[in-house]
Amino acid sequence: MAYSGGPMTEAMYYILLALMNPNYGYQLMNEIEQVSKGRVIMGPGTLYGVLTRLQKERLIVVVNDDGRRKTYAITQEGKSALKEEYKRLENMIQDGIILKEGNEDEQSS
Amino acid sequence: MSKVVRKFPIDDFWNIGKTESWFSDMASQGLHLKKFGWTFVYFEKDKKANTKYRIEVLYDKPSQEQLDVYKEYGWDFVAKTGFFYVFSSPQDSNAPELHTDTIEQSFTLDELDRVLKRNIIVFGVATLIIAGIAFALNFYDDEPCLNLVEGNFIILFFQVLVYLHLTYSTIRNYLYVRNIKNSLINGIEINHNEDWKKGRLVTTIVNTLVVTIAAIIVFIPIVERVKSDEYTLPEMEVNLPIIRLADIEENPNLQREVSYSYNGEGIDYNNNVRFEWTPLVPTKYRISESGIVEGMMWSDNSGEYSPSIHTEFYQLRFQNMADGVLKDLMHKNLYDPRYKTAKIKNPNFHHLYVVEKSTSEATKLIFASWDNNVIYIRYHGNIEVDKIISLLENMAI
């Protein structure tokens, strides 16, 4: 069951993003909280659910397992999927720019 | 040591929200989940507590690291069965939810969904095969009543019931899982406080039945084995539902004709008693007796006169099975088209049939039923059938 493109869940996006630097489970959750400035708080069930799924889809790999903890890293496939998603989100923001201006218009009037 | 309380699971574990809510309610009554299987759930009796429970579906054994992270976030691992892992947290701990993304949570049910779909096919096919075997075994020889009372049909029938239940619950579980999955995809979280009391009574009744039937399936063959018996028919008077050869022949020179083929247990197969028990036939005897009169010849000079009698006696659990069993016994034993069957009116029997090939033939067959008893006698000898019937009357009265 490989990842076939398309919108990612928020959890998947942030985990891939955080794994641009190899990291392990517990630290990942803190990292995501920091990167999202406290906006994304991930439950451990979701974290490990996504990690398991992404591993199966070969978007991430375990780079180190010392028996105590596993260190994960994003793969090349994962990177390109993430970049594609980033572009998609960017386009969405671009397309929605009217909202930002409209917002400013409202504030100025 | 604290007391362990055992309960049937509610509407099965697959209805995740209900099961979580049930565990919580049990904990608030002082029953704390200890371990669980598909048939029983074990609780430890202790102080009442408000506890949240969450069921995680994990296909691989979670690493210690993973369990540690759950614990760090306030969730303790409690018990597991199959793919189902149960975690708990005190109600007031403010532990964050295990799952914060419903779509990602729905993905965790994908494999379960596939496994259940496969199981539906497997159990469905197994049910059909077992039902087919049961049906074929019971009807292949046109003796359904006889097969029913003395064969393993009851066990097969119960097995069909168990498989049907298995198929039904797999389909139900599949639907539970699919509903949960669809809700999650649509962003609806699992309701961890769903009312579990609905359907509890029905489930308990069904589970009790299934467990009882499963126990019966195990015990019937054991009881049948323990109760069955085989031994050499004693020469002295015995308390068995048979007519003795000596009473028919009334010949002081009649001696027992012993079989040449004694088996290891020392049973004389010319003069043996076989007792069997089945749930529908609490008493079944197959008894043979053979004799010989030295110096006397068969009328056709084919050898020394050696009369024999074979009796099959059924005491049935239910009287209304007697007609069917009698009919099937006749079907089973009257394979020779030359047999001529005569129905005889006799107030002592419900049915009485005498079968002979011809009046000169030495073999006479008698089939009779009265109350819940059915008997089949095959006599080979010179004595008239009327004498055997009058002896049989004494038995029926």
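Residues numbered from 1 in each chain as written. Chains lettered and ligands numbered in written order. Predicted model: local features only at pLDDT ≥ 70, side-chain atom pairs only at ≥ 80, totals over all residues. Heavy atoms only, no water.

1. Considerations on a nonpolar patch on the surface
Taken together, the side chains of B:Ile121, B:Val125, B:Ile129, B:Ile133, B:Leu137 and B:Tyr140 present a nonpolar region at the surface, about 610 Å² in accessible area. Looking at the element boundaries, B:Ile133 is found in helix H4 (residues 110-139). (Patch = residues over 30% accessible without salt bridge, like charges linked within 9 Å, V, L, I, M, F, W, Y side chains within 5 Å. Areas by Shrake-Rupley, 256 points an atom, 1.4 Å probe, with all protein chains shown as cover. Salt bridge = Lys/Arg side-chain N within 4 Å of Asp/Glu carboxyl O. Helix = DSSP H or I, 4+ residues; strand = E, 2+ residues; numbered from the N terminus.)

2. Section: the domain arrangement of chain B
All names here are of chain B. By domain assignment, chain B separates into domain 1 (4-100), domain 2 (110-226) and domain 3 (228-396). Taken together, the contact between domain 1 and domain 2 spans 23 residues of the former and 27 residues of the latter. Taking both sides of the interface into account, the surface hidden between domain 1 and domain 2 amounts to around 2200 Å²; carbon and sulfur atoms contribute 59%. Linking domain 1 with domain 2 are zero salt bridges, by the criterion used here. Along the contact surface separating domain 1 from domain 2 lie six residue pairs in polar contact (both at pLDDT 80 or more). Among the elements of the structure, helix H1 (16-28) and strand E4 (51-57) are those that each provide at least two residues to the side of domain 1 that touches domain 2. Among the elements that line the side of domain 1 that touches domain 2, the one with the most residues is H1, at eight residues. Looking at the side of domain 1 that touches domain 2, its residues break down into 11 nonpolar, four polar and eight charged. (Domains from an automatic or database assignment. Contact = heavy atoms within 4.5 Å. Buried area = accessible area lost by both parts, 1.4 Å probe. Polar contact = N/O pair within 3.5 Å; in protein donor to acceptor, adjacent residues only side chain to side chain. Nonpolar A, V, L, I, M, F, W, Y, C, P; charged D, E, K, R; others polar.)

3. So, the packing of aromatic side chains
Residues and elements named next belong to chain B. Taken as a whole, this structure holds 21 aromatic pairs over all chains when the rule is applied. Their ring planes at 15° and their centres at 5.3 Å tell us that Phe8 and Phe40 sit as a pair that is stacked. Taken as a pair, Phe8 in the loop between strand E1 (4-7) and H1 and Phe40 in the loop between strand E2 (31-36) and strand E3 (41-45) lie far apart in primary sequence, 32 residues in all. With a relative accessible area of 23%, Phe40 lands in the partly exposed category. With 4.7 Å between their ring centres and 70° between their planes, Trp298 and Tyr305 make a pair best called edge-to-face. Of the residues examined, Tyr305 reaches a relative accessible area of 1% and is grouped as buried. (Phe/Tyr/Trp six-rings, centres within 6.5 Å; stacked < 30°, edge-to-face > 60°. Buried < 20%, exposed > 50% of the residue type's maximum accessible area, 1.4 Å probe, protein only.)

4. Things to note about the packing of helix H3 (residues 44-56) of chain A against helix H2 (residues 64-72) of chain B
Orientation of H3(A) relative to H2(B), taken along the N-to-C sense of each, is 155°, at an axis distance of 9 Å. Judged by the angle between their axes, H3(A) and H2(B) are roughly antiparallel. The segment H3(A) lies against H2(B), with A:Pro44, A:Gly45 and A:Tyr48 engaging B:Glu65, B:Gln66, B:Val69 and B:Tyr70. (Axes fitted to C-alpha atoms, helices over the stretch in contact; angles between N-to-C directions. Parallel < 35°, antiparallel > 145°, perpendicular 65-115°, else oblique.)

5. So, the side chain of B:Asn147
Residues and elements named next belong to chain B. With respect to the secondary-structure elements, Asn147 resides in helix H5 (residues 144-150). Using a relative accessible area of 15% as the deciding quantity, one classes Asn147 as buried. Not counting the four nearest positions on each side in its chain, Asn147 is found in contact with Leu137, Asn138, Tyr140, Asp141 and Phe153.

6. Observations concerning the environment of A:Asn64
Residue and element names in this part refer to chain A. You can see Asn64 is positioned in strand E2 (residues 60-65). Along the chain, Asn64 and Gly25 lie 39 residues apart, while their C-alpha atoms are 12 Å from each other. When residues no more than four places from it in sequence are discounted, the contact partners of Asn64 are Arg69, Lys70 and Thr71.

7. Points about the pattern of salt bridges
Per the stated rule, a full pass over the model turns up 17 salt bridges over all chains. The closest approach of N and O atoms between B:Glu111 and A:Lys56, which form a salt bridge, is 3.9 Å. Placement of B:Glu111 in helix H4 and of A:Lys56 in helix H3 is noted, with the two residues assigned to different chains. Residue A:Lys56 is classed as partly exposed on the basis of its relative accessible area of 47%. Taking the shortest distance from any N to any O, the salt bridge between B:Asp110 and B:Lys181 comes out at 3.4 Å. Note that B:Asp110 is positioned in helix H4 and B:Lys181 in helix H6 (residues 153-185), a separation of 71 residues in sequence. The residues B:Asp110 and B:Lys181 share a single accessibility class, namely buried. Each of B:Asp110, B:Asp113, B:Lys117 and B:Lys181 takes part in salt bridges that share partners, so that together they form one network.

8. Side note on the sheet that holds strand E6 (residues 84-90) of chain B
All names here are of chain B. With respect to topology, three strands assemble into an open sheet ordered E4-E6-E5, the strand pairing being antiparallel. Two strands bound the open sheet, and with one partner strand each, they are E4 and strand E5 (76-81). Neighbouring strand axes in the sheet, compared pairwise and without regard to direction, differ in orientation by 25° on average. For E4 and E6, the ladder comprises seven bridges, and the chain directions are antiparallel. Each residue of the ladder has a partner; that of Glu56, found in E6, is Tyr85. Most of the contacts of H1 go to E4, to which it runs at about 150°, and overall it touches E4 and E6. (Pairing = 2+ DSSP bridges.)

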